[in-house]
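# Topology and contacts: notes
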Amino acid sequence: MQAQVMNWLEAYQLEFSDLIALLLVLGFILATSVIIHLVLHRLVLRAVETLARRSRHWWKRALFDSKLFNRLAFTLQGVIIHVQAGLWLSGGGLTLAVIQTLAHLWILLFGLLSLFSLLDALLDISVQSRTARNLPLRGLFQGIKLVGAILVVILMVSVLIGKSPVILFSGLGAMTAVTMLVFKDPILGLVAGIQLSANNMLSVGDWLEMPKYGADGEVIDIALTTVKVRNWDNTITTIPTYALIADSFKNWRGMSESGGRRIKRSLHLDASSVHFLDESELKRLHKAQLLAPYLDDKVQELGRHNSEQQADLSSLVNGRRLTNLGTFRAYLNAYLRAHPRIHQQMTLMVRQLEPGSNGVPMEIYAFTNTTKWVEYEGIQGDIFDHIFAVLPEFGLRVHQTPTGYDMRALGEGLVQMTGYREAG
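Residues numbered from 1 in each chain as written. Predicted model: local features only at pLDDT ≥ 70, side-chain atom pairs only at ≥ 80, totals over all residues. Heavy atoms only, no water.

Turning next to the overall build of the protein chain. A tally of regular secondary structure across the protein chain gives 17 helices and 8 strands. For the protein chain, the proportion of its 424 residues judged to be buried stands at 31%. For the protein chain, the accessible surface area stands at approximately 25600 Å², while carbon and sulfur atoms represent 61% of it. (Helix = DSSP H or I, 4+ residues; strand = E, 2+ residues; numbered from the N terminus. Buried < 20%, exposed > 50% of the residue type's maximum accessible area, 1.4 Å probe, protein only. Areas by Shrake-Rupley, 256 points an atom, 1.4 Å probe, with all protein chains shown as cover.)

By volume, the second largest pocket amounts to about 300 Å³. Around the second largest pocket, the lining residues are Leu277, Asp278, Glu279, Leu282, Val299, Leu302, Gly303, Asn306, Leu313, Arg320, Arg321 and Leu322. The element that contributes the greatest number of residues to the lining of the second largest pocket is helix H14 (residues 292-309), accounting for 4 residues. Taken together, the residues of the lining of the second largest pocket break down into 6 nonpolar, 2 polar and 4 charged. (1 Å grid on protein atoms, 1.4 Å probe; cavity = no way out; pocket = protein on both sides within 12 Å on 5 of 7 lines; lining within 4 Å. Points joined across faces, edges and corners; volume = space filled by probe spheres on them. Nonpolar A, V, L, I, M, F, W, Y, C, P; charged D, E, K, R; others polar.)

Here the focus is the packing of helix H13 (residues 279-286) against H14. Where H13 meets H14, the axes come as close as 9 Å, and the angle between the chain directions of the two elements is 140°. Taken together, the axes of H13 and H14 lie oblique to each other. Contact with H13, carried on its side by Leu282, Leu285 and His286, involves Ala292, Leu295 and Asp296 of H14 and no other residues of that element. Here the contact of H13 with H14 is composed, by residue class, of 4 nonpolar, 1 polar and 1 charged. (Axes fitted to C-alpha atoms, helices over the stretch in contact; angles between N-to-C directions. Parallel < 35°, antiparallel > 145°, perpendicular 65-115°, else oblique. Contact = heavy atoms within 4.5 Å.)

In this section: the side chain of Arg261. Here Arg261 lies in strand S6 (residues 261-269). Buried charge Arg261 goes without a salt bridge, the closest partner of opposite sign being Glu377 at 5.3 Å. Residue contacts for Arg261: discarding those within four places in its chain leaves Trp207, Met255, Ala366, Phe367, Thr368, Thr370, Thr371, Trp373 and Tyr376. (Lys, Arg positive; Asp, Glu negative; His and termini not counted. Salt bridge = Lys/Arg side-chain N within 4 Å of Asp/Glu carboxyl O.)

What follows is about helix H15 (residues 324-337). Given a rise of 1.5 Å per residue, 14 residues ought to cover 20 Å, and the 20 Å separating the end C-alpha atoms of H15 matches this to within 8%. The element H15 is largely enclosed, with a buried count of 10 among its 14 residues. Buried residues of H15: Asn324, Leu325, Gly326, Thr327, Phe328, Ala330, Tyr331, Leu332, Tyr335 and Leu336, and no others. (Expected span 1.5 Å × (residues − 1).)

Our focus in this paragraph is the sheet that holds strand S8 (residues 360-368). Read across the open sheet, the 3 strands follow the order S6-S8-S7; overall the sheet is antiparallel. Looking at the sheet topology across the chains shown, the edges are occupied by S6 and strand S7 (349-352). The mean angle between the axes of side-by-side strands here comes to 15°, regardless of whether they run parallel or antiparallel. By the bridge criterion, 9 bridges tie S6 to S8 in an arrangement that is antiparallel. Across the sheet, residue Leu267 finds its bridge partner in S8, namely Met362. Along the sheet face, H15 touches S6, S7 and S8 and points at about 160° away from the line of S7. On the sheet, helix H16 (residues 373-390) packs against S6 and S8 and is oriented at approximately 25° with respect to S6. (Pairing = 2+ DSSP bridges.)

In structure tokens, the structure reads:
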């Protein structure tokens, strides 16, 4: 086209016909680019965006929010300018080389930005999917962005120097050590993110506990190089992603998905309060509806055993008898079995641990039928409130280390006793 315009100008015997022809062609390319820009951005994209905003599909709005189509339109404009330069500028001069080089750079830049927008849109869309939300996609996408940016930079450099990118790629072998050192954390984070995703070890929303880094809370973000944890005191702890592979951590997701949260707590009983039950205590405890079936069966069992052994029950060391501690343990088991907030399909037991200087430990091991923290603490508190309240019914006492109040009461008692003796 440039040659045709120049011939037409020479026919009118105009000076600098080649320069005027070049300016006219460049003006034509510029005018065409402006018209295409206005058509794409003012008409096509606005019409499509209006339809997308009205759509019930959330993913369509996410694509526009990430500016994907705007950047694709700019990429298309670069392609059109490159094609126009090849068609209208003849001779392959310096002007053609400059315009096509700039067009190449333009296409690579906005092509990379389009990739970034697509990944951002996919990340936003994944939030709506339960399966995708459990994957560390942010870290993987950041790794793809990093690799894409490196490749585009290499291609841009090859365009500017007019050499094949293969030469640049081969030259990178000598810089491998430096590259590994500079991008150590991103590379380790990318590998760790892939391992976390492949093994389903961690996802956003999990309860993560990692004392080494002071983390105990909910995972709110899994990025390329860091994992952010919102602790229960609302502080934010940042953990290197590769540390989750190198070190151990506790993920409470299994507890949340199981539907039950464990109660594992002991109360220490005074060993001196343990004794055999007499008839009056048996009659009183028989009134407890949860204990009556157990006492009936146990009394018959012990009666048969003692009769068969012809045990002399006048001595406490002969025969078998019910103890207040064993009966209390049976009561607790029946109480938990009948509790509406205890998960009956999970492990449930009341066990006696090894006695020591702090008395006889009686441990409750059960699971609530909820994993919500506040509800769990309320259920656990109600159970132990009841346990402490019913202990006197069994003639048991909680072991408690003497306090200053106890010592003061003892001292006052001794003073009173001494005063009575002196008065006597």
